Amino acid sequence: FSFNQPKFCPTAAWNPIGITFANQTTIGEKPGAIFINTNNIIYVYYRENKQLLVYHEGHINPTKIVPINSSTPNSIFVTTNGDIYIDNDEVVLKWISNKNTFDTVMNGISQCQGLFVDINDTLYCSMAFRHQVVKRWINDSVMTPTIVAGADRPGPAPNELNLPFGIFVDVNFDLYVADCENNRVQLFQLGQSFGITVAGAGSLNPTISLSCPRGIVLDAQKYLFIVDYGNSRIIGSGPNGFRCLVGCHGPGSQSHQLSSPMSLSFDRSGNMFVADEDNDRIQKYLLKKPCGKLKIVE
């Protein structure tokens, strides 16, 4: 993987008091997407400034700024060679790191609210306003993707989605979707068009309610970490169901609060970074209870 996928224990915990890594005075407004690679390079897209900022480990100021003339991206994905995939309205662009230029890698779509590249170089896009997730093999000569989840209509049925946002594809090529308006997370196993509700409304083990989940990450144990946008908090799963991890006392601007978080990513040490959109900041939450030696899977 190009991103960090720590192996947490079921009761891992983070300090609920966030450290502001970057804020409006240093970088800009409306952070929509964050991605941290295995070298601890942090990528953040700011919609209002229309810039992708790159921070190398140990730097509090960006070491690179990539201008992108689009206000739509809510997701970015960076591959192991440093290529950056980002939505640009009706196409997906790839920033080629060694050429400092953009190429179009997917077209015939609407806005991608989630992007993911799996271990077979297949690019996935969640089209929120078409209520579908599509994919395209990056090396295919055909630029138009195929549908892998959802119908061309909103709905709560197992084969439907309603404003899908964040997506995650595991090593078995199973697809997880943050199904915003249905207040749930859906699992579409490889080759299946009917999803299984694994969190939120309609799940078999409803230990917590969701309000428009926007982002989703799996750790190496397949525990889910969910950006619960409408409740301004981060949710995590374990053997006994779901629990709140940070932002657990309601929305706000204090260091223990979030306001409309958009996405999250982990660094190599298991610390959690959250794009806290309405507070115009990136919050860092330190891992305080790793349950023994933290194992990092790359």
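Conventions adopted
- Residues numbered from 1 in each chain as written.
- Predicted model: local features only at pLDDT ≥ 70, side-chain atom pairs only at ≥ 80, totals over all residues.
- Heavy atoms only, no water.
- Helix = DSSP H or I, 4+ residues; strand = E, 2+ residues; numbered from the N terminus.
- Buried < 20%, exposed > 50% of the residue type's maximum accessible area, 1.4 Å probe, protein only.
- Pairing = 2+ DSSP bridges.
- Axes fitted to C-alpha atoms, helices over the stretch in contact; angles between N-to-C directions.
- Salt bridge = Lys/Arg side-chain N within 4 Å of Asp/Glu carboxyl O.

## Structural notes on the environment of Phe273
Then, number 1: Position of Phe273 among the secondary structure elements: in strand E25 (residues 272-276).
Then, number 2: When its relative accessible area of 3% is taken as the criterion, Phe273 is described as buried.
Then, number 3: A sequence separation of 237 residues divides Phe273 from Ile36, and the C-alpha atoms of the two residues are 8.7 Å apart.

## A look at the sheet that holds strand E19 (residues 196-200)
Then, number 1: Taken together, the four strands give an open sheet; going across it, the order is E16-E17-E18-E19, and neighbouring strands pair in antiparallel fashion. Taken across any chain shown, the strands that pair with only one partner, and hence form the sheet edges, are strand E16 (164-169) and E19. Across this sheet, the average inter-strand angle for adjacent strands is 25 degrees, counted without regard to direction.
Then, number 2: In terms of strand pairing, strand E17 (residues 175-179) meets strand E18 (residues 184-188) through five bridges, oriented antiparallel.

## A short note on the sheet that holds strand E8 (residues 76-78)
Then, number 1: Sheet architecture is open: four strands sit in the order E8-E9-E10-E11, paired in antiparallel fashion. Edge positions in the sheet fall to E8 and strand E11 (101-106), since each has one partner strand and no second. Each strand axis lies, on average, 30 degrees off the axis of its neighbour in the sheet, ignoring direction.
Then, number 2: Pairing geometry for strand E10 (residues 91-96) and E11, over five bridges, is antiparallel. Within E11, the position partnered with Lys94 by the bridge is Asp103.

## Digging into the pattern of salt bridges
Then, number 1: Per the counting criterion, the structure on display carries six salt bridges.
Then, number 2: Arg184 serves as the salt-bridge partner of Asp179, at 2.7 Å between the closest nitrogen and oxygen.

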